[in-house]
Amino acid sequence: MSIVVGVDPAHRSASALHLAAMLARSSGSDLIVAAIVPPAWPTTAGGADTEWRGYTRDNADSALDHAAAVLGGSVTAEYLLHEAPSARRGLVELAEQREASLIVVGSATDAPAGRIGLGSASDTLLHASPVPVAIAPRGYRTEEGARVGRVTAAYRGTGASTGLVFGAAGVAASVGADLRVASFAVVPRDSGTSGAGLDAEQAVADTWAADIERHAAALVRQVSDLPDAPPVSDVAVGRGETWESALADVGWEPDEVLVVGSSTLGPIARVFLGSHAAKIVRHSPVPVIVVPHGVTGRERD
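Quantities reported herein were computed from a predicted structural model and do not represent experimental measurements. (Residues numbered from 1 in each chain as written. Predicted model: local features only at pLDDT ≥ 70, side-chain atom pairs only at ≥ 80, totals over all residues. Heavy atoms only, no water.)

**Some points on the pairing of strand β1 (residues 2-7)**
Stated formally: When a residue's accessible area, from a 1.4 Å probe over protein chains only, is under 20% of the maximum for its type it is buried; when over 50% it is exposed; and in between it is partly exposed. Where helices and strands are cited, they refer to DSSP runs of H or I of at least four residues and of E of at least two residues respectively, numbered from the N terminus. Pairing between two strands requires that DSSP report at least two bridges joining them. When the strands point away from the viewer and the connection leading from the first strand across the helix to the second strand turns clockwise, the crossover is called right-handed.
Of all six residues in β1, six are buried; the element is thus mostly enclosed. Burial of the side chains of β1 extends over both faces: Ser-2, Val-4 and Gly-6 are buried on one face and Ile-3, Val-5 and Val-7 on the other. Inspection of the sheet shows β1 paired to strand β2 (residues 30-37) by six bridges, in the parallel sense. Residue pairing in the sheet places Gly-6 in a bridge with Ala-34 of β2. In this region the chain leaves β1, passes through helix α1 (residues 15-27) and returns to the parallel neighbour β2; the handedness of that crossover is right-handed. In this sheet, strand β4 (residues 102-105) lies alongside β1 in parallel orientation, the contact comprising three bridges. Opposite Ile-3, over in β4, you have Leu-102 as the bridge partner.

Quick look at the structure:
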(Lines give C-alpha, C1' and ligand atoms only; values in the text may rest on other atoms or scores of the structure.)
Protein backbone atom coordinates (compact mmCIF):
# COMPACT_ATOMS: atom_id res chain seq x y z
CA MET A 1 0.00 0.00 0.00
CA SER A 2 1.30 3.45 -0.85
CA ILE A 3 0.31 7.11 -0.64
CA VAL A 4 1.24 9.65 -3.31
CA VAL A 5 1.70 13.28 -2.24
CA GLY A 6 2.19 15.98 -4.82
CA VAL A 7 4.53 18.91 -4.29
CA ASP A 8 4.30 22.05 -6.40
CA PRO A 9 7.66 23.08 -7.88
CA ALA A 10 6.41 26.68 -8.04
CA HIS A 11 5.22 26.91 -4.45
CA ARG A 12 6.87 25.66 -1.26
CA SER A 13 4.21 24.39 1.14
CA ALA A 14 4.43 21.95 4.02
CA SER A 15 0.70 21.40 4.57
CA ALA A 16 0.21 18.40 2.27
CA LEU A 17 3.46 16.87 3.54
CA HIS A 18 2.35 17.04 7.18
CA LEU A 19 -0.97 15.41 6.29
CA ALA A 20 0.63 12.74 4.10
CA ALA A 21 3.16 11.88 6.80
CA MET A 22 0.43 11.49 9.44
CA LEU A 23 -1.62 9.25 7.13
CA ALA A 24 1.39 7.15 6.11
CA ARG A 25 2.57 6.81 9.71
CA SER A 26 -0.91 5.77 10.84
CA SER A 27 -1.52 3.22 8.09
CA GLY A 28 2.01 1.89 7.63
CA SER A 29 1.90 2.90 3.95
CA ASP A 30 4.87 3.74 1.77
CA LEU A 31 5.06 7.46 1.01
CA ILE A 32 5.84 8.64 -2.51
CA VAL A 33 6.65 12.35 -2.78
CA ALA A 34 6.28 13.48 -6.39
CA ALA A 35 7.03 16.63 -8.33
CA ILE A 36 5.36 16.67 -11.73
CA VAL A 37 7.34 18.25 -14.58
CA PRO A 38 6.28 18.78 -18.21
CA PRO A 39 7.82 16.47 -20.80
CA ALA A 40 10.36 17.92 -23.20
CA TRP A 41 9.09 19.11 -26.57
CA PRO A 42 10.50 17.15 -29.51
CA THR A 43 13.04 19.40 -31.16
CA THR A 44 16.21 19.22 -33.17
CA ALA A 45 17.36 22.68 -32.20
CA GLY A 46 17.78 22.19 -28.45
CA GLY A 47 18.48 25.68 -27.10
CA ALA A 48 15.44 27.21 -25.47
CA ASP A 49 13.74 23.87 -24.81
CA THR A 50 16.85 22.48 -23.14
CA GLU A 51 17.11 25.57 -20.95
CA TRP A 52 13.42 25.43 -20.04
CA ARG A 53 13.59 21.74 -19.20
CA GLY A 54 16.64 22.36 -17.02
CA TYR A 55 14.85 25.22 -15.28
CA THR A 56 11.72 23.19 -14.51
CA ARG A 57 13.74 20.23 -13.29
CA ASP A 58 15.86 22.44 -11.05
CA ASN A 59 12.68 23.86 -9.52
CA ALA A 60 11.29 20.37 -9.05
CA ASP A 61 14.51 19.14 -7.43
CA SER A 62 14.40 22.13 -5.10
CA ALA A 63 10.79 21.33 -4.16
CA LEU A 64 11.75 17.72 -3.39
CA ASP A 65 14.70 18.90 -1.29
CA HIS A 66 12.29 21.12 0.64
CA ALA A 67 9.93 18.19 1.12
CA ALA A 68 12.76 16.02 2.44
CA ALA A 69 13.71 18.77 4.90
CA VAL A 70 10.10 19.09 6.10
CA LEU A 71 9.63 15.35 6.57
CA GLY A 72 13.09 14.72 7.99
CA GLY A 73 13.21 11.21 9.36
CA SER A 74 9.59 11.16 10.54
CA VAL A 75 8.58 8.73 7.78
CA THR A 76 10.33 6.75 5.10
CA ALA A 77 9.68 8.36 1.73
CA GLU A 78 10.65 8.02 -1.91
CA TYR A 79 11.25 11.28 -3.79
CA LEU A 80 10.86 11.39 -7.55
CA LEU A 81 10.26 13.50 -10.64
CA HIS A 82 7.49 12.38 -12.94
CA GLU A 83 6.95 13.74 -16.45
CA ALA A 84 3.36 14.48 -17.45
CA PRO A 85 1.47 17.22 -19.32
CA SER A 86 -0.26 18.32 -16.09
CA ALA A 87 -0.08 17.79 -12.35
CA ARG A 88 -3.47 16.09 -12.45
CA ARG A 89 -2.43 13.56 -15.06
CA GLY A 90 0.93 12.96 -13.42
CA LEU A 91 -0.52 12.24 -9.97
CA VAL A 92 -3.20 9.95 -11.40
CA GLU A 93 -0.59 8.08 -13.47
CA LEU A 94 1.60 7.57 -10.42
CA ALA A 95 -1.33 6.42 -8.30
CA GLU A 96 -2.22 3.84 -10.93
CA GLN A 97 1.37 2.70 -11.52
CA ARG A 98 2.10 2.32 -7.81
CA GLU A 99 -1.38 1.01 -6.92
CA ALA A 100 -1.69 3.83 -4.41
CA SER A 101 -4.60 3.93 -2.01
CA LEU A 102 -4.61 7.72 -1.72
CA ILE A 103 -3.42 10.97 -3.32
CA VAL A 104 -2.62 13.90 -1.01
CA VAL A 105 -2.56 17.54 -2.08
CA GLY A 106 -2.56 20.95 -0.44
CA SER A 107 -4.98 23.84 -0.71
CA ALA A 108 -4.82 26.81 -3.05
CA THR A 109 -2.50 29.60 -1.94
CA ASP A 110 -5.42 32.04 -1.68
CA ALA A 111 -7.45 29.80 0.66
CA PRO A 112 -8.19 31.27 4.10
CA ALA A 113 -5.75 30.11 6.77
CA GLY A 114 -6.93 26.85 8.32
CA ARG A 115 -9.47 26.21 5.57
CA ILE A 116 -9.48 24.24 2.32
CA GLY A 117 -9.44 25.93 -1.04
CA LEU A 118 -9.33 24.15 -4.39
CA GLY A 119 -6.96 25.48 -7.01
CA SER A 120 -7.19 24.62 -10.69
CA ALA A 121 -4.91 21.58 -10.30
CA SER A 122 -6.68 20.11 -7.25
CA ASP A 123 -10.12 20.82 -8.71
CA THR A 124 -9.35 18.95 -11.93
CA LEU A 125 -7.76 16.15 -9.89
CA LEU A 126 -11.02 15.71 -7.99
CA HIS A 127 -12.78 15.12 -11.31
CA ALA A 128 -10.28 12.54 -12.52
CA SER A 129 -8.89 10.54 -9.61
CA PRO A 130 -9.80 6.85 -9.38
CA VAL A 131 -8.64 6.80 -5.73
CA PRO A 132 -9.56 8.95 -2.73
CA VAL A 133 -7.99 12.41 -2.56
CA ALA A 134 -6.92 13.92 0.76
CA ILE A 135 -6.75 17.73 0.94
CA ALA A 136 -4.87 19.61 3.65
CA PRO A 137 -6.15 22.97 4.90
CA ARG A 138 -3.88 25.93 4.17
CA GLY A 139 -1.19 26.15 6.85
CA TYR A 140 -1.97 22.68 8.23
CA ARG A 141 0.60 21.32 10.69
CA THR A 142 0.85 18.27 12.93
CA GLU A 143 2.86 17.45 16.02
CA GLU A 144 5.96 15.33 15.49
CA GLY A 145 4.98 11.67 15.27
CA ALA A 146 1.26 12.49 15.04
CA ARG A 147 -1.18 9.76 14.01
CA VAL A 148 -4.83 9.94 13.05
CA GLY A 149 -6.94 9.78 16.20
CA ARG A 150 -10.44 10.02 14.78
CA VAL A 151 -12.12 9.68 11.39
CA THR A 152 -15.46 11.45 10.92
CA ALA A 153 -17.82 10.32 8.16
CA ALA A 154 -20.10 13.01 6.70
CA TYR A 155 -23.50 11.32 6.62
CA ARG A 156 -26.53 12.67 4.73
CA GLY A 157 -28.99 9.89 5.35
CA THR A 158 -28.92 8.70 1.71
CA GLY A 159 -27.97 5.31 0.30
CA ALA A 160 -24.72 6.69 -1.10
CA SER A 161 -23.71 8.18 2.23
CA THR A 162 -24.57 4.90 3.95
CA GLY A 163 -21.87 3.26 1.86
CA LEU A 164 -19.54 6.11 2.78
CA VAL A 165 -19.91 5.33 6.48
CA PHE A 166 -18.70 1.78 5.87
CA GLY A 167 -15.87 3.12 3.74
CA ALA A 168 -14.91 5.55 6.50
CA ALA A 169 -15.02 2.66 8.97
CA GLY A 170 -12.45 0.89 6.79
CA VAL A 171 -10.28 4.03 6.76
CA ALA A 172 -10.52 4.32 10.54
CA ALA A 173 -9.61 0.66 11.01
CA SER A 174 -6.64 0.95 8.65
CA VAL A 175 -5.14 3.86 10.59
CA GLY A 176 -6.08 2.64 14.07
CA ALA A 177 -8.49 5.51 14.74
CA ASP A 178 -11.95 5.94 16.22
CA LEU A 179 -14.93 6.48 13.92
CA ARG A 180 -17.51 9.22 14.30
CA VAL A 181 -20.61 9.79 12.16
CA ALA A 182 -21.62 13.42 11.69
CA SER A 183 -24.33 15.28 9.80
CA PHE A 184 -24.80 19.00 9.29
CA ALA A 185 -27.90 21.19 9.02
CA VAL A 186 -27.84 24.86 8.03
CA VAL A 187 -30.85 26.94 9.14
CA PRO A 188 -30.23 30.64 8.38
CA ARG A 189 -31.81 33.08 10.80
CA ASP A 190 -33.57 34.84 7.92
CA SER A 191 -34.74 31.59 6.26
CA GLY A 192 -38.34 32.31 7.31
CA THR A 193 -40.25 35.41 6.28
CA SER A 194 -41.62 35.77 9.82
CA GLY A 195 -41.20 34.32 13.27
CA ALA A 196 -43.66 31.59 12.37
CA GLY A 197 -41.67 30.80 9.24
CA LEU A 198 -38.46 30.49 11.22
CA ASP A 199 -40.18 28.28 13.79
CA ALA A 200 -41.31 26.01 10.96
CA GLU A 201 -37.75 25.82 9.61
CA GLN A 202 -36.48 24.90 13.08
CA ALA A 203 -39.16 22.24 13.47
CA VAL A 204 -38.14 20.69 10.13
CA ALA A 205 -34.49 20.77 11.22
CA ASP A 206 -35.36 19.13 14.54
CA THR A 207 -37.26 16.33 12.80
CA TRP A 208 -34.45 15.85 10.29
CA ALA A 209 -31.84 15.71 13.07
CA ALA A 210 -33.84 13.12 15.00
CA ASP A 211 -34.21 10.97 11.87
CA ILE A 212 -30.50 11.28 11.06
CA GLU A 213 -29.50 10.31 14.60
CA ARG A 214 -31.77 7.27 14.51
CA HIS A 215 -30.53 6.10 11.10
CA ALA A 216 -26.91 6.76 12.01
CA ALA A 217 -27.25 4.85 15.26
CA ALA A 218 -28.52 1.84 13.29
CA LEU A 219 -25.52 2.16 10.96
CA VAL A 220 -23.17 2.31 13.91
CA ARG A 221 -24.56 -0.99 15.20
CA GLN A 222 -23.87 -2.57 11.79
CA VAL A 223 -20.36 -1.13 11.74
CA SER A 224 -19.70 -2.53 15.19
CA ASP A 225 -20.48 -6.02 13.88
CA LEU A 226 -17.88 -5.78 11.10
CA PRO A 227 -14.66 -7.81 11.38
CA ASP A 228 -11.90 -5.56 12.76
CA ALA A 229 -14.43 -2.81 13.37
CA PRO A 230 -12.97 0.48 14.64
CA PRO A 231 -14.18 1.92 17.95
CA VAL A 232 -17.15 4.25 17.32
CA SER A 233 -16.98 7.43 19.39
CA ASP A 234 -20.41 8.94 18.75
CA VAL A 235 -23.02 10.27 16.36
CA ALA A 236 -23.09 14.05 16.03
CA VAL A 237 -25.45 16.48 14.32
CA GLY A 238 -24.11 19.98 13.84
CA ARG A 239 -26.52 22.85 13.33
CA GLY A 240 -25.90 26.50 12.64
CA GLU A 241 -26.90 29.54 10.65
CA THR A 242 -24.00 28.96 8.24
CA TRP A 243 -22.01 25.98 7.03
CA GLU A 244 -19.05 27.19 9.05
CA SER A 245 -21.04 27.32 12.29
CA ALA A 246 -22.75 23.98 11.57
CA LEU A 247 -19.40 22.24 11.15
CA ALA A 248 -17.95 23.98 14.20
CA ASP A 249 -20.94 22.83 16.26
CA VAL A 250 -19.74 19.20 16.41
CA GLY A 251 -16.20 19.99 17.68
CA TRP A 252 -12.97 18.73 16.14
CA GLU A 253 -9.72 17.19 17.35
CA PRO A 254 -6.24 18.19 16.08
CA ASP A 255 -5.55 14.69 14.73
CA GLU A 256 -8.90 14.23 12.99
CA VAL A 257 -9.81 13.79 9.32
CA LEU A 258 -13.21 14.15 7.68
CA VAL A 259 -14.34 11.68 5.01
CA VAL A 260 -16.74 12.99 2.36
CA GLY A 261 -18.32 11.10 -0.52
CA SER A 262 -18.42 12.36 -4.07
CA SER A 263 -21.65 13.04 -5.94
CA THR A 264 -23.64 10.16 -7.41
CA LEU A 265 -24.00 12.39 -10.48
CA GLY A 266 -20.31 12.07 -11.18
CA PRO A 267 -18.65 9.28 -13.18
CA ILE A 268 -18.52 5.91 -11.45
CA ALA A 269 -15.22 5.37 -9.57
CA ARG A 270 -14.21 9.01 -10.03
CA VAL A 271 -14.31 11.90 -7.59
CA PHE A 272 -16.90 14.57 -8.33
CA LEU A 273 -18.08 16.97 -5.64
CA GLY A 274 -21.75 17.85 -5.44
CA SER A 275 -22.81 21.21 -4.00
CA HIS A 276 -23.43 19.79 -0.51
CA ALA A 277 -20.06 18.07 -0.29
CA ALA A 278 -18.28 21.09 -1.78
CA LYS A 279 -19.64 23.33 0.99
CA ILE A 280 -18.54 20.87 3.66
CA VAL A 281 -15.05 20.66 2.14
CA ARG A 282 -14.72 24.43 1.89
CA HIS A 283 -15.69 24.98 5.54
CA SER A 284 -13.98 22.00 7.14
CA PRO A 285 -11.45 22.94 9.84
CA VAL A 286 -9.66 19.59 9.43
CA PRO A 287 -8.20 17.69 6.46
CA VAL A 288 -10.77 16.10 4.16
CA ILE A 289 -10.58 12.78 2.31
CA VAL A 290 -12.90 12.79 -0.72
CA VAL A 291 -13.86 9.27 -1.77
CA PRO A 292 -14.95 8.47 -5.34
CA HIS A 293 -18.51 7.30 -5.83
CA GLY A 294 -18.50 3.55 -6.35
CA VAL A 295 -15.54 2.72 -4.09
CA THR A 296 -16.87 3.92 -0.74
CA GLY A 297 -17.56 0.53 0.76
CA ARG A 298 -20.63 -1.63 1.04
CA GLU A 299 -23.18 -2.51 3.63
CA ARG A 300 -23.07 -5.90 5.21
CA ASP A 301 -25.32 -8.56 3.71
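**Overview of helix α3 (residues 87-97)**
For an α-helix, the turn length of 3.6 residues means that residues three or four places apart are oriented alike. What α3 keeps buried is the set Gly-90, Leu-91, Val-92, Leu-94 and Ala-95. Glu-99 sits one or two positions beyond α3 and adopts a positive phi of about 55°.

**Looking at the confidence of the model for the chain**
What counts here: Every residue is assigned a pLDDT by the predictor, reflecting its confidence on a scale from 0 to 100. Contacts were defined at the residue level, with two residues in contact if any of their heavy atoms lie within 4.5 Å.
Mean pLDDT over the chain works out to 84, with 84% of the residues at or above the 70 mark. Every residue in residues 263-272 scores below 50 in pLDDT, and together they form 34 contacts with partners more than four places removed in sequence or on other chains.

**Description of unusual backbone geometry**
The backbone phi angle of Glu-99 is positive, close to 55°, even though this residue is not glycine. Mapped onto the fold, Glu-99 is located in the loop between α3 and β4. If you check the backbone angles, Asp-228 has positive phi at about 55° while not being a glycine. Locating Asp-228 in the fold gives a position in the loop between α6 (195-224) and β8 (232-240).

**Quick notes on the packing of aromatic side chains**
To keep things clear, this is the line we draw: Stacked, tilted and edge-to-face are the three classes applied to pairs of Phe, Tyr and Trp rings, where Trp contributes its six-membered ring and a pair requires centres within 6.5 Å; stacked means planes under 30 degrees apart, edge-to-face means over 60, and tilted covers the rest. Working rule: Lys NZ or Arg CZ, within 6 Å of ring centre, within 35 degrees of ring normal, means a charge sits over the ring.
Applying the stated rule across the entire model yields one aromatic pair. Cation over ring: Arg-180 sits above Trp-252, and NZ or CZ is 4.9 Å from the ring centre.

**Observations regarding the side chain of Ser-183**
Formally: For this analysis, a polar contact is any N or O atom pair within 3.5 Å, provided that within protein one partner can donate a hydrogen and the other can accept it, and provided that sequence-adjacent residues contribute only side-chain to side-chain pairs.
Considering the arrangement of structural elements, one finds Ser-183 in strand β7 (residues 178-186). Ser-183 sits in the buried class, given a relative accessible area of 2%. A distance of 2.4 Å separates the side chain of Ser-183 from the backbone oxygen of Tyr-155, its partner in a polar contact. With near-sequence residues (within four places) excluded, Ser-183 lies in contact with Tyr-155, Arg-156, Trp-208, Ile-212, Ala-236, Val-237 and Gly-238.

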